[in-house]
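Fold and geometry: a report
Here are the chains, one letter per residue:
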Amino acid sequence: MATKLKSADIVIVGLGWTGGILAKELADTGLSIVVLERGAPRDTNPDFMYPIIHDELRYAQRHQLMQDVSRETLTFRNNANETALPMRQLGSFLPGEGVGGAGVHWNGVTWRWLPWDHEPLKLTLGSYGRSVIPPDMQLQDWGVSYDELEHYYDKFEYLCGVSGKAGNLRGQKIEGGNVFEGPRQREYPNPPMIQTHAGALFDKAAKSLGYHPFPGPSANMSQPYVNPDGVAFGTCHYCGYCERFGCEVNAKASAHFTVIPLAAQKNNVEMRTNARVMKVNLDTAKTRAESVTYIDAAGREFEQPGDLVVLCAYALGNVHLMLLSGIGKPYNPATGDGVIGRNYAYQIGSGATVFFDEKTWMNPFMGAGALAVNIDDFNTGSFDHAKEGFIGGGGISTPSAGGRPIGFRPVPPGTPAWGTEWKRAVVRHYNHALAINNQGSVMAYRQNYLDLDSTYRDRYGRPLLRMTFDFHANEQKQANFIADICVKIGQAMGAERVVRRASPQRYSIVPYQSTHNTGGAAMGTDPKTSALNRYCQTWDVSNVFVTGACAFPQNAGKNPTGPVGALAYWTADAIKRYLKKPEPLVPV
Amino acid sequence: FRFFTPLEAAVVVALVDTLIPKDDVGPGGVEVGVPIFIDRELAGAYGRGARMYLDGPFGQGTPQQGYQLPLPPADLYRIGIADLNAWCVKTRGGKAFDQLSPADRTAALKAVEAGQAEFAQVPARSFFSILLQNTMEGFFADPMYGGNRNNAVWKMIGFPGAIGMYGDVIEKYRNKRYDVEPKSIQDLS
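In this report, the structure presented in the accompanying data block is examined. (Residues numbered from 1 in each chain as written. Chains lettered and ligands numbered in written order. Predicted model: local features only at pLDDT ≥ 70, side-chain atom pairs only at ≥ 80, totals over all residues.)

What follows covers the overall build of chain A. Helix and strand content of chain A: 13 helices and 22 strands. Relative to the compact-globule value of 25 Å for 588 residues, chain A shows a C-alpha radius of gyration of 23 Å, a close match. For the C-alpha atoms alone, the extent of chain A along its principal axes is close to 70 × 55 × 50 Å. Across the 588 residues of chain A, 62% fall into the buried class. A separation threshold of at least 6 residues defines the contact pool for chain A, and within that pool the share at least 24 residues apart is 75%. (Helix = DSSP H or I, 4+ residues; strand = E, 2+ residues; numbered from the N terminus. Rg over C-alpha atoms; globule rule 2.2 N^0.38 Å. Buried ≥ 20, exposed ≤ 12 C-beta atoms within 10 Å, placed from the backbone. Contact = placed C-beta atoms within 7 Å.)

Looking only at helices and strands, chain B features 7 helices and 0 strands. Listed N to C, the secondary structure of chain B is α-α-α-α-α-α-α in terms of helices and strands. The principal-axis extent of the C-alpha atoms belonging to chain B is close to 60 × 40 × 30 Å. When the 189 residues of chain B are sorted by exposure, 41% land in the buried category.

Time to look at the sheet that holds strand E8 (residues 214-215) of chain A. Residues and elements named next belong to chain A. If you trace the 6 strands from one edge of the open sheet to the other, you get E8-E16-E17-E18-E15-E21, paired in antiparallel fashion. The two strands at the open ends of the sheet, each matched to only one other strand, are E8 and strand E21 (497-501). Pairing analysis gives 4 bridges linking strand E17 (residues 394-399) to strand E18 (residues 433-440), with the strands arranged antiparallel. In the sheet register, Ser397 faces E18, and the bridge partner there is Asn437. This element, helix H12 (residues 473-491), spans strand E15 (348-355), E17, E18 and E21 of the sheet and lies at about 20 degrees to E15. (Pairing = 2+ DSSP bridges. Axes fitted to C-alpha atoms, helices over the stretch in contact; angles between N-to-C directions.)

The next thing to look at is the interface of chain A and chain B. Taken residue by residue, the interface counts 59 residues in chain A and 51 residues in chain B. The set of elements that each furnish at least two residues to the side of chain A that touches chain B consists of helix H3 (56-61), strand E4 (74-77), strand E5 (85-86), helix H8 (197-208), helix H11 (420-429) and strand E19 (449-457) of chain A. A class-by-class count of the residues in the side of chain A that touches chain B yields 28 nonpolar, 21 polar and 10 charged. (Nonpolar A, V, L, I, M, F, W, Y, C, P; charged D, E, K, R; others polar.)

Our next topic: the packing of helix H3 (residues 73-91) of chain B against helix H5 (residues 124-140) of chain B. Residues and elements named next belong to chain B. H5 packs onto H3 with a crossing angle of 120 degrees between their chain directions and a minimal axis gap of 10 Å. Comparing their axes, H5 and H3 come out oblique. In the packing of H3 onto H5, the handedness of the crossing is left-handed. For the pair formed by H3 and H5, the contact residues are Pro73, Leu76, Gly80, Asp83 and Leu84 on the first element and Ser126, Phe127 and Ile130 on the second. Here the contact of H3 with H5 is composed, by residue class, of 5 nonpolar, 2 polar and 1 charged. (Parallel < 35°, antiparallel > 145°, perpendicular 65-115°, else oblique. Left-handed = near helix turned anticlockwise from the far one by under 90°.)

A separate point is the sheet that holds E19(A). Residues and elements named next belong to chain A. Within the open sheet, the 4 strands sit side by side as E5-E4-E20-E19. Their pairing is mixed. Only two strands of the sheet have a single partner each, and these edge strands are E5 and E19. Where E4 lies against E5, 2 bridges are found, and the strand directions are antiparallel. Each bridged residue has a counterpart across the sheet, and for Thr75 the counterpart in E5 is Pro86.

As a further point, take the nonpolar core. All names here are of chain A. Counting residues in each nonpolar core, the largest one holds 229 residues, and the members touching the most others are Ile12, Val13, Ile33, Val309, Val319, Ala521 and Ala551. Here this core gets 8 residues from one element, more than from any other, and that element is helix H13 (residues 561-580). Ile33 has contacts with Ala8, Asp9, Ile10, Ile12, Ala23, Leu26, Ala27, Asn268 and Val269, leaving out every residue within four places of it along the chain. (Core = buried A, V, L, I, M, F, W, Y, C linked by C-beta atoms within 7 Å.)

Moving on, we get to the environment of B:Leu109. Residue and element names in this part refer to chain B. Relative to the helices and strands, Leu109 resides in helix H4 (residues 102-113). Residue classification places Leu109 among the buried positions, given that 23 C-beta atoms sit within 10 Å. Put simply, Leu109 and Phe128 are 19 residues apart on the chain and 8.2 Å apart in space, counted from C-alpha to C-alpha.

Next up on the list: unusual backbone geometry. A negative phi holds for most residues other than glycine; trans holds for most peptide bonds. Residues and elements named next belong to chain A. The omega torsion across Tyr50 and Pro51 is -5 degrees, close enough to zero to call that bond cis. Of note, Pro51 is situated in the loop between helix H2 (44-47) and H3. Phi is positive for His63, which is not a glycine, with a value near 60 degrees. Residue placement: His63 occurs in the loop between H3 and E4. Judged by the 20 C-beta atoms lying within 10 Å of it, His63 is buried. The backbone of Asn363 shows a phi angle near 45 degrees, a positive value even though the residue is not glycine. Locating Asn363 in the fold gives a position in the loop between E15 and strand E16 (372-375). Look at Asn363 and you get buried, because 26 C-beta atoms sit within 10 Å.

Residue and element names in this part refer to chain B. Tracing the backbone through its elements, the reader meets Pro73 in helix H3. Sequence-wise, Pro73 and Gly29 are 44 residues apart; in three dimensions their C-alpha atoms are separated by 20 Å. In this structure, Pro73 is in contact with Leu42, Tyr46, Gly47, Gly49 and Ile130, ignoring residues within four places of it in sequence.

Residue and element names in this part refer to chain A. Alternating positions in strand E3 (residues 33-36) separate into two faces, Ile33 and Val35 on one and Val34 and Leu36 on the other, with burial throughout. Of the pairings in the sheet, the one linking strand E2 (residues 8-13) to E3 comprises 4 bridges and is parallel in character. Looking across to E3, one finds that Ile10 is bridged to Ile33. Handedness of the β-α-β unit built from E2, helix H1 (residues 17-27) and E3 comes out right-handed. In this sheet, strand E11 (residues 269-272) lies alongside E3 in parallel orientation, the contact comprising 4 bridges. Paired with Leu36 across the two strands is Arg272, which belongs to E11. (Right-handed = clockwise from strand over helix to strand, strands pointing away.)

Attention now goes to H8(A). Over its 12 residues, H8(A) extends 17 Å from the first C-alpha to the last, a length consistent with the 16 Å expected when each residue adds 1.5 Å. Among the residues trailing H8(A), A:Gly210 stands out with phi positive, at a value near 85 degrees. (Expected span 1.5 Å × (residues − 1).)

This brings us to the pairing of E15(A). All names here are of chain A. Within E15, 7 of the 8 residues are buried, leaving the element largely enclosed by the surrounding structure. Examined bridge by bridge, E15 and E18 share 8 bridges and lie antiparallel to one another. Paired with Gly349 across the strands is Gln439, a residue of E18. By the bridge criterion, 5 bridges tie E15 to E21 in an arrangement that is antiparallel. What sits directly across from Gly351, in E21, is Arg501.

Structural data, given as structure tokens:
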């Protein structure tokens with residue numbers, strides 16, 4: 001039996017970026033807040049200390065900072081005709097676990113999504129009409145526009161100390177920045193990072209083709225920084241141990257040393273780690289959350305009552321909890337009814353690998369997670385995509401994220417996987433190659449969704465989340481179209497050899513692709529097609545709000561943390577209004 | 001060896017020596033300690049599949065669904081080595097893998113890699129896949145795990161290892177060789 005605890009005004013589930021932001025913002029209300037984090041407490045010192053954090057095997061290969069799938073995982077199948085089987089080890093994506101969540105081991109790429117990404121339906125109908133939208137595609141607007149979110153994007157960028165260069169200041173286009181971005185009110189808080197030779201080659205080649213290269217927006221500090229909350233950041237050493245690692249000098253923005261300690265020092269905020277939430281308990285009408293049930297490190301069960309519940313787990317975790325708790329109606333792909341699990345999407349990758357002579361030195365080990373040169377000339381809304389036969393686009397970049405040798409060993413196709421010829425190729429190319437990557441958008445489809453598995457259970461006896469997902473022709477066309485552009489850029493670099501990486505055929509859960517899972521609890525304006533209203537409040541249970549990328553109705557050609565952070569601030573403002581008058585913020 | 005029996009260890013040494021031989025390019029996997037690396041990994045949490053989901057039922061699945069055997073890495077090795085030897089005995093003139101000549105070992109492994117080998121208990125390619133992965137991990141990982149002895153592999157490719165202090169040199173060495181003695185975590189501690 002669960003031990004029933006003293007009621008709190010607000011219960012926050014999950015302590016990553018969004019849980020940290022919500023806890024800090026809502027702490028100012030003076031209300032009692034309990035935050036529950038399934039993983040361990042963590043801090044820069046000692047958990048990410050130099051030099052032991054520079055351990056590729058432990059952190060990048062053995063996933064020390066990530067979700068332990070022996071406790072909780074999901075099942076996967078490409079389509080509803082297959083039997084879903086468990087993801088028995090991490091692969092395609094790497095959710096976090098513990099204080100700071102996936103925001104500890106991220107790269108720090110901090111985009112504002114393009115205006116198109118927030119209103120793709122409206123803009124597609126306006127430019128082309130409905131006929132260009134494939135029949136199974138569930139193209140939907142967020143219910144909140146880029147302009148409405150601009151202030152919140154700004155807030156998150158200044159929280160994180162993003163290094164970058166504006167390309168659109170209050171409508172004025174600036175060469176050298178991203179001229180395709182939505183208008184911003186002010187510059188980035190920090191100047192761009194130092195570029196590598198690979199970045200310089202990309203920049204020159206892209207310009208020679210008439211494209212508009214710009215330094216990637218990076219939450220790796222280009223200089224010492226103190227954010228508006230008074231939190232000091234270190235300067236990036238370009239150590240090359242960013243993605244999958246914590247930063248030893250706090251040069252990569254993370255909730256664990258910014259918003260979380262600021263919230264934790266408040267008397268009205270209590271944070272409990274190793275507190276794994278099993279479900280949200282609703283009243284019998286399923287219109288009001290009364291409490292959450294969680295299990296502590298010793299396996300004891302507790303019931304934490306609260307007047308308001310905010311789900312701040314990873315995108316997939318939030319959807320799992322909603323399905324387990326009966327918040328909203330589960331999506332049924334056969335009938336199209338229901339919304340929880342609907343609009344699950346991912347991203348699609350393609351590009352080119354570029355091989356140079358031995359006199360061209362890349363020093364791939366010098367890098368930072370978000371260090372890159374990009375173009376958005378072929379990203380969502382930047383070009384006439386419908387003319388090319390698809391909806392969407394992708395960000396093209398040459399990253400310099402750190403060439404750690406277990407994971408980074410570019411060799412030309414046809415090289416054996418072992419033996420002397422393999423070794424010769426690794427030595428020949430390690431310092432003389434670069435990648436041009438397409439981060440392609442993926443729209444939502446009727447057939448791609450999340451629900452509960454009927455066979456497999458987690459360590460706590462709960463049904464696993466079941467993912468049904470595959471790539472569609474629209475995205476494959478896009479990925480192949482952009483792969484051709486990447487090849488063109490590679491050829492303009494004067495390389496020895498440019499190898500095209502085509503669109504994947506079927507989605508596989510095995511190789512790492514990106515931790516950019518989106519959807520499953522989409523926000524929107526219609527309760528028939530969205531789980532959340534435009535304030536990320538659930539339509540059906542008005543005292544439950546949900547944050548994170550699960551709210552995105554489709555995926556974009558950009559990393560999601562920027563809009564995740566912006567949306568968390570937007571939601572915090574909405575919750576402050578809700579607390580004054582607890583009822584649906586949008587009438588149903 | 002902590003995990004492997006002497007007979008298994010001899011096979012693993014022969015396998016690693018075939019995958020990464022000592023040659024004119026650089027050090028071999030055996031001399032830098034890769035078999036020791038694999039042994040230690042299998043003797044610990046990784047070998048037990050401590051962070052794997054190993055509940056049934058077990059189905060074969062599609063390649064897109066990934067690894068579906070009911071075996072943690074240590075068990076996959078133990079059975080896979082036995083299967084490999086039995087297959088070699090049957091198809092390679094009565095000899096276990098480590099008794100084959102270097103050329104025959106290479107030919108045998110190519111057949112295993114290509115899925116042409118019939119193993120009695122586990123899929124040959126599943127065994128090959130984890131063997132290749134762990135061999136590469138041991139070869140390129142920090143030497144504290146038993147492989148990459150004396151940072152020899154990092155020296156070979158020009159990777160500075162755990163150093164990671166490039167703020168002052170990243171611009172200066174743009175398109176220039178950055179030639180430093182690699183340092184391991186132990187070297188820097």
